[in-house]
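Residue-level structure breakdown
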Amino acid sequence: MFGRRRLDAADLVLYVKSGCHLCEEARTQLAMSGLQPREIDIMTSLELFGRYRHRVPVLATARGRVLLEGRFDDAAVRRLRRWVIGSRSPIHGTDA
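An account of the accompanying structure is given in this report. None of these values were measured; they are calculated from a predicted model.

The rules behind the values
- Residues numbered from 1 in each chain as written.
- Predicted model: local features only at pLDDT ≥ 70, side-chain atom pairs only at ≥ 80, totals over all residues.
- Heavy atoms only, no water.
- Pairing = 2+ DSSP bridges.
- Helix = DSSP H or I, 4+ residues; strand = E, 2+ residues; numbered from the N terminus.
- Right-handed = clockwise from strand over helix to strand, strands pointing away.
- Buried < 20%, exposed > 50% of the residue type's maximum accessible area, 1.4 Å probe, protein only.
- Salt bridge = Lys/Arg side-chain N within 4 Å of Asp/Glu carboxyl O.

**Topic: the pairing of strand β2 (residues 38-41)**
Here strand β1 (residues 12-16) pairs with β2 via 4 bridges, running parallel. Bridge pairing in β2 links V13 to R38. Note on the crossover from β1 through helix α1 (residues 21-32) to β2: the handedness is right-handed.

**Description of the pairing of β1**
Burial runs high along β1: 5 of the 5 residues are buried. Across 4 bridges, the pairing between β1 and strand β3 (residues 58-61) is antiparallel. Its bridge partner lying in β3, V13 is registered against A60.

**A look at the pattern of salt bridges**
On inspection of all chains with the given rule, the structure shows 5 salt bridges. Ionic pairing is found between R27 and E39, a salt bridge with its closest N-O pair at 2.6 Å. On the criterion of sequence distance, the pair formed by R27 in helix α1 and E39 in strand β2 is long-range, its members being 12 residues apart. Where E47 meets R51, a salt bridge forms, and the shortest distance between an N and an O atom there is 2.3 Å. Placement of the pair is E47 and R51 together in helix α2 (residues 46-52), with a separation of 4 residues, close to one helical turn.

In structure tokens form, the structure reads like this:
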């Protein structure tokens, strides 16, 4: 799901828009999982607004690979946390 290469938490970017309730939920989910990505408000860039306006929140790598978008699934956030913080790479579809 996320790939083989481990990420550092500093490699994560959360694209948000002010007033977005899903963005608030995603921020809370990520914080509760111990992940605090750098945040970028898509309203600060026409390019970002055009790319993500109907998709926020979007969690991506610093290189632009989208990992999660829209309503974040709790299981996917846990797998992502294990991939970033934990000792093994997550396997898509498992949550153990």
